[in-house]
Each structure stands twice: as C-alpha cells, then as structure tokens.
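Descriptive analysis of the structure
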Amino acid sequence: MTESQKAPTQFPYGHLTPDAGASADPVLVEIVQGSLASVEMEVETAIGRTSRSPMIRDAHDFRAGIHDRLLRKLTGRSYSALVHPVARDFPLDEMREGDVFFHNDVYRSEGGIGHLPDLCVTVPVFSGGTVVAFVQAFGHHDDIGGAVPGSMPSHATPVFEEGLMVPPIRLWEAGVPNRAALTIMTRNSRMPESLAADLDAECSACLMGARRLGELFDRYGVETVESCFDAILSRTTETYRREILGKIPVGSWVWEDYAEHDGVDEPMLHTQRITLTRTAPDDPDGERLVLDFAGTSPQAKGPINHVGDASDGVFLKKWLAPILRNLADTPERMAELDVNEGVVPLIEMRFPPSGTLLTPVFPAPTNARTFVILRLLGVLAGVLAKSVDGRMPADQETIRYTGVYGEDLEGRSYLMREVLGGGSGGRYYADGEDTIHVVPDSRNLPTEFTEARFPFRVEALSLAVDSGGAGRFRGGLGYEKQIRMLKDGHFMSIADRSILACWGVRGGKAGKPFQVTIDPDGPNEREVDALADAEPVVAGEVIRIRTTGGGGWGDPLDRDPALVVRDVVWRKVSPEAARVDYGVVLTGSLDDDTLSHDSAATEAERAARPAPTGVLFDRGPGYARLSGGADHAEVDLV
C-alpha cells in the first residue's frame, strides 16, 4: 500500500472504568486535576529555562500535554500533539521506563504535527511496570534542514524541500540516548547546537514530568487515579453539552473563508468551507455538532496544506473547540472551560476525499499550514455567528513568522525568527485585544535580547494605529515594528492576510491587513510579499512590519463617541478615522488635552450615512481583488 493509499488510523474513544468515573471521589478528582495541571506547567517551565533557541526559550512556541493510556488528552491549559502515532508504531507492553519517543513526520503523525519544524517528544509513565499515561512536549524549532534557513520555504512544492522527516522512533531507550539518531538530526540542521540543546531540554523535562506523574499513581493507586481521569473528561463532555451546545439551535448553516496565496500560484481564493449541523437530543447518533468540510479547495501546489483527516480528525476537534467557548454565559465562565479529550465525543468531522487543503496527498508541502488551521478557527466562528445571530467575535490572524538571517558583525551565521501576534476581533460585549497570540503564553522577542545577539537595532515597537476594524466594538490592534539593519542580510516572512483582511461581523468593518515595507520613505522603498524567503536588505535600511488588526463587531456608527475620543487620545484611532469610520466630529486638540467631540455635529454626520445592508460579514477591500469584483460571498448574507 502506498503512502497516498493509506487509510487514516482509527482510535475509538473509550473509558478506563466501567462507570466512566461516576463513582470517583469528587474531592480527589479536584486533587488529581490540579496535580495534572501542575505537572504540565512544571514541564513547560523546565523546557523554557533549559532550552537554547529563541523560538523555544524566549518566544515560548511550544506546548506540553498529559495523556492517559487510552491516548486521551487530560489537561486543558494548552493544546498539544498526539500520542496516537507512537502507540500505533510501538506497542505499550514493549515500552520501558526511561524510553523517549520522537517524531516530526507530518504524514505519520495522525494529524498532530502540522509542519516539520514542530518536533515532538513523548515519554510513557509507568506504575507497577505498566504504562499508565504519557507526558509529551512539542515545539517549533529553529531549523531542521530543508531548502531555506528556518525550514519553512515559502515556495516549496514537495515536502522533501522542507527538512528532515522523522517517523516515530525510540530516541532514548531505557534511559540511554540514541546518539546516532541525534547526530543525524543535528547534522541536518543549520543550528545544530541549539537543536541539540532544545531536544535535551524537552527529553529531560518530559522524563521529569513522567516521574512526577508516576508519584500520583503510587500515592492513590492506578484504579483510583484512572477513575478520576474518566471523571475529569466526562465532566468536560457534560459541561459542553449543557452550556455550549444548548446555545446553538438545531439546524444547519454554511460559511467559508479563504487563504489568499500559497507561494507558488498567483494569489487566489483557496476556500475552506464548513457546513455546521447541530443535531437534536433524540438524534440516533447522539446530540453533537457535525462539521462537514465538503467544498474545501483542492490541495495547493505550495505549502499551505494541512493533514487534518487522520484519526477521525481528533487533533482538529481539540484545535477548533476553544472557539465554542465564546458561547459561554460570561467571559469569566469562558475562561474556566477546559479543552481536553472530553470535547471529542461532541464533535463529528466529515472530510472530503483525498486531495484537498485538509486531505492532502503525500508529498504535498505543509510548512505554512497555519494559513489553513488558523483560518478554520475563523470559519467555525463565522458559521457559528450565522447560527446565533452574530453573537460571536469577529476575525483575527495572530500568527505570522517574520525574521532576518545572514552573518553577524563578527562573521558568524545567525537566524532570528519571531512570531508576531495581531489584534483579536471585537466581541458583542467588548473591544478586541491588542497584539495577542493564538498560542497560549507565547510572546514576542525582547528588544534587549535581539539587539544584543543580532546585527540590527529595534527603532520602534508600538501599536499599529487604525489597524483594528471599526465597529460598535473595535477590533484589537496589531503591531508596528521597525528594525534597522546594521549589516547586509535577508528578510523572511511566512504570513497570510496581506490581501484579505480579518473580517468584521454584524456591521463591523474588516481590520487592516499585514504589510511589510523596506526602507519606508527612503530612496529604495518597496513592499515585500507576505511569503518571502530571502528578500535582500542592506545595512542602514529599515524593515517596517505591520501586523493584522482584528475585525470590528457591530455598526461603527453605534459606538459611543466618548470611546472614539478616548481611542484617538490613546493613539489607537487617528483623527481622520474618527470621522471617516465612526462619524465622530472632533473638537479641541490632542496637543493641549482639550480633545472632545461635537455631539450635534456627530449626530448629523451619522444620520447622513447610508443604512446598513443585509450582509453579516465585511471582508474588506481585498476580497474584491480576488473574487472578480464582488464585495461579499453568497454565504455572507444573513
């Protein structure tokens, strides 16, 4: 059987105890759940303190997770990869204490790994000589080989150009590292020292976490702890069924959104479509959400594909489930809801045949798969908005990779990559947040660190004025970052939303798109494509990066004029946008703190504006460029 003919592996959802944890002591359940969260946090803290690469140590682009012996994710603080590929290739009864398993092969990961720089370490937990759980960590590493520094070639056509592929292997055996495998991996990296140090940090942290978790089983006994595991997940299932599914009426809705380019073909609409069906409580197959991805575009030539259809889409279920929390009664309640394996029984996924953006055929490239999995978060939010009268946040785009590389002032090779966030979408009760990142606890690189290590100077780091979409509740702002090169180098970018903006909802306007300008206002000023591997930048030139703003929620003419004045004072909205976007007529001056607004003139200005249309979503002016002139899609109508 060839790679392309291989059927997705099935791992049925089950329970560890006959009563699915119903008889577990509720006090002990809380103790076990707190212990799991503590171990997970301790593992992540150890990795952050002992790793070497900026992407892991400083940007914190990694996750830990704890899973039971049925491969179910138990913790809800962060998303994680999957144990499924390890259990598929290595029987649990053949594992030994001190074993560490490793993989990064996208097509052999059961959907848990999206691109080759994400390296995954898995350690089994033992009690009485038997595997009872797993501790896992995966993160985005600086370089794993491939055609360009950073292992994310924007013009890749086969996956072989993207770096070294490693299917699940036993990287440590009974506490002894496999030096041959480690040597092969570091030999293929342009940053061998940091790769070796990061892997050592991750393996050691997961082994430590396995010991900590083993102590929990030793203290309370395997049967008791496993009953608590079942109770934790069953509680999540029932909470989401009661508090989230209950907010969605029975019925079906369809919506779609798009990636704008794939690095190979000219910009076009790469469609990702979801038909959402909320089944009735008496449905023969159970009360659940059905996500049907039929209508998704064919797989791209370039690297924006995501292998999502393995293992019944279990990774995508947990990736998308945080969007559902927006339906909680309050923001405070939303923050309390964990996303663990308990959400899986409530979601059914139906994938199109092989050969689409979500079902690519090996060896389709995948390094920029964020263009698909991030967009799917927005597609689910959009189709839910149609089902609940728009009471969902507007769109956001909070991951893109930018960076520079070359030789530093001492002639040594360097690579600086950063994952800059953007603004989140306005909500029906509040503005969006500024400069957030979809990866929990991730952050931008500190200026003091980058200036000390790399040959450039950070001349400005601020909010990008007017980047948030106008609305009754404004979209959050993106970054504006300016760096001046001190030595010739190359700029790289893996980013989407440079043409298509983050959409607004229920009258809210789209945010501003991503933009990179080199030498702004200088003799060599030029715009750089959002997908760039090696844009030359000479010493003295400035690179200006503006990241996306979130979409707005609600009609901007309904926004309190006092809030618009406040935004102008805070330099989040320009005086020009106050009038053009919000219809607010300003008085006074920013210079002497007398800025205010003319209430009568503002009311007259707003009254003269045209009435809102029946279109639920605003995609911004870039949509017309790629759609052949249409300003909205058919699915955007109320």
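Here the bond from Phe362 into Pro363 is cis, since omega is 10°, no more than 30 degrees from zero. Its location among the elements puts Pro363 in the loop between β10 (347-350) and α9 (370-387). Not every positive phi belongs to a glycine, and Ser151 is a case in point at roughly 60°. For Ser151, the position within the fold is in the loop between β4 (130-140) and β5 (169-173). With a phi close to 60°, Arg497 is a non-glycine residue in the positive phi region. Summarising the element assignment, Arg497 is placed in the loop between β15 (489-494) and β16 (504-505).

Quick look at helix α11 (residues 561-569) now. Within α11, burial applies to Pro561, Val564, Val565, Asp567 and Val568. Here the buried residues of α11 occupy an arc of 160° about the axis, which is enough to place them on one side. In this structure, the buried residues of α11 make contact with α12 (575-580), β21 (586-587), β22 (596-597) and α13 (599-607). Its side-chain oxygen 2.9 Å from the backbone nitrogen of Ala562, Asp560 forms the N-cap of α11. In the segment just after α11, Arg571 is the residue with positive phi, at about 65°.

All right, on to the sheet that holds β15 then. Pairing in this open sheet of four strands is antiparallel, and the strands run β12-β11-β15-β19 from one edge to the other. Of all the strands in the sheet, the pair left with one neighbour each is β12 (413-419) and β19 (531-537). When the angles between neighbouring strand axes are averaged without regard to direction, this sheet yields 15°. Where β15 meets β19, five bridges bridge the pair, whose relative direction is antiparallel. The residue bridging Phe491 from the neighbouring strand is Glu535, located in β19.

A few words now on the pattern of salt bridges. By the definition in use, this model includes 51 salt bridges. In this structure, Asp329 engages Lys247 in a salt bridge whose closest nitrogen and oxygen atoms are separated by 2.5 Å. A residue pair is termed long-range when its members are at least 10 positions apart, and Asp329 in the loop between α7 (314-324) and α8 (331-336) and Lys247 in the loop between α6 (222-243) and β7 (251-259) qualify at 82 residues. With a relative accessible area of 57%, Asp329 lands in the exposed category. Here Asp431 ties to Arg559 by a salt bridge, and the two come within 2.9 Å at their closest N and O atoms. One end of the pair, Asp431, is in the loop between β12 and α10 (447-453); the other, Arg559, is in the loop between β20 (542-546) and α11, and 128 residues separate them in sequence. For Arg559, a relative accessible area of 1% puts it in the buried group. Among the charged side chains, a network of salt bridges with common partners joins Asp257, Asp395, Arg497, Arg619 and Asp636.

With that settled, consider the packing of aromatic side chains. Evaluation of the coordinates by the stated rule reveals 16 aromatic pairs. Plain terms: the ring middles of Phe454 and Phe456 are 6.1 Å apart, the flat faces sit at 15° to each other, and that makes the pair stacked. Exposure class is identical for Phe454 and Phe456. Each is buried. With a centroid separation of 5.3 Å and 90° between ring planes, the pair formed by Trp503 and Phe617 is classed as edge-to-face. Taken as a pair, Trp503 in the loop between β15 and β16 and Phe617 in strand β23 (residues 617-618) lie far apart in primary sequence, 114 residues in all. For the residue pair Trp503 and Phe617, the accessibility class agrees, reading buried in each case. The rings of Tyr414, Phe449, Phe454 and Phe456 are connected pair by pair, giving a single aromatic cluster. Over the ring of Tyr13 we find Arg72, and its NZ or CZ is 5.8 Å from the ring centre.

As a further point, take the pairing of β4. Of all 11 residues making up β4, 10 are buried, and the element is well covered by its neighbours. The pairing of strand β1 (residues 62-68) with β4 spans seven bridges and is classified as antiparallel. Opposite His67, over in β4, you have Phe134 as the bridge partner. Relative to β4, strand β3 (residues 118-127) runs antiparallel, the two being bridged by 10 bridges. From the neighbouring strand, Leu119 faces β4, where its bridge partner is Gly139. Hairpin geometry of β3 and β4 is characterised by an intervening segment of two residues between the two adjacent antiparallel strands and by a positive phi of about 60° at Gly128.

Ordered in space as β13-β14-β20-β17-β18, the five strands form an open sheet in which the pairing is antiparallel. One side of each edge strand has no neighbouring strand; the edge strands of this open sheet are β13 (456-463) and β18 (526-527). Relative to strand β14 (residues 479-485), β13 is paired through seven bridges, and the arrangement is antiparallel. Of the residues in β14, the one forming a bridge with Arg457 is Arg484.

Attention now goes to the pairing of β12. Within β12, six of the seven residues are buried, leaving the element largely enclosed by the surrounding structure. When strand β11 (residues 401-407) meets β12, the two strands line up antiparallel, connected through seven bridges. Paired with Tyr405 across the two strands is Leu415, which belongs to β12. Counting the residues in the hairpin turn of β11 and β12 gives five residues, including Gly411, whose phi is positive at 85°.

Time to look at the nonpolar core. One finds Ile274, Leu291, Leu320, Leu384, Val404 and Ile543 to be the most contacted residues of the largest nonpolar core, which totals 97 residues. The biggest single contributor to this core is α9, with 12 residues. Residues in contact with Leu291, not counting those within four places in the same chain, are Ile274, Thr275, Leu276, Leu320, Ile347, Glu348, Met349, Arg350 and Leu380. Core analysis: the second largest hydrophobic core is formed by 58 residues, Ile56, Met185, Leu199 and Val225 among them.

Reading the values: rules and limits
Residues numbered from 1 in each chain as written. Predicted model: local features only at pLDDT ≥ 70, side-chain atom pairs only at ≥ 80, totals over all residues. Heavy atoms only, no water. Helix = DSSP H or I, 4+ residues; strand = E, 2+ residues; numbered from the N terminus. Buried < 20%, exposed > 50% of the residue type's maximum accessible area, 1.4 Å probe, protein only. Arc of directions from axis to C-beta. Contact = heavy atoms within 4.5 Å. Polar contact = N/O pair within 3.5 Å; in protein donor to acceptor, adjacent residues only side chain to side chain. Pairing = 2+ DSSP bridges. Axes fitted to C-alpha atoms, helices over the stretch in contact; angles between N-to-C directions. Salt bridge = Lys/Arg side-chain N within 4 Å of Asp/Glu carboxyl O. Phe/Tyr/Trp six-rings, centres within 6.5 Å; stacked < 30°, edge-to-face > 60°. Lys NZ or Arg CZ within 6 Å of the ring centre and 35° of its normal. Core = buried A, V, L, I, M, F, W, Y, C linked by side-chain atoms within 4.5 Å.

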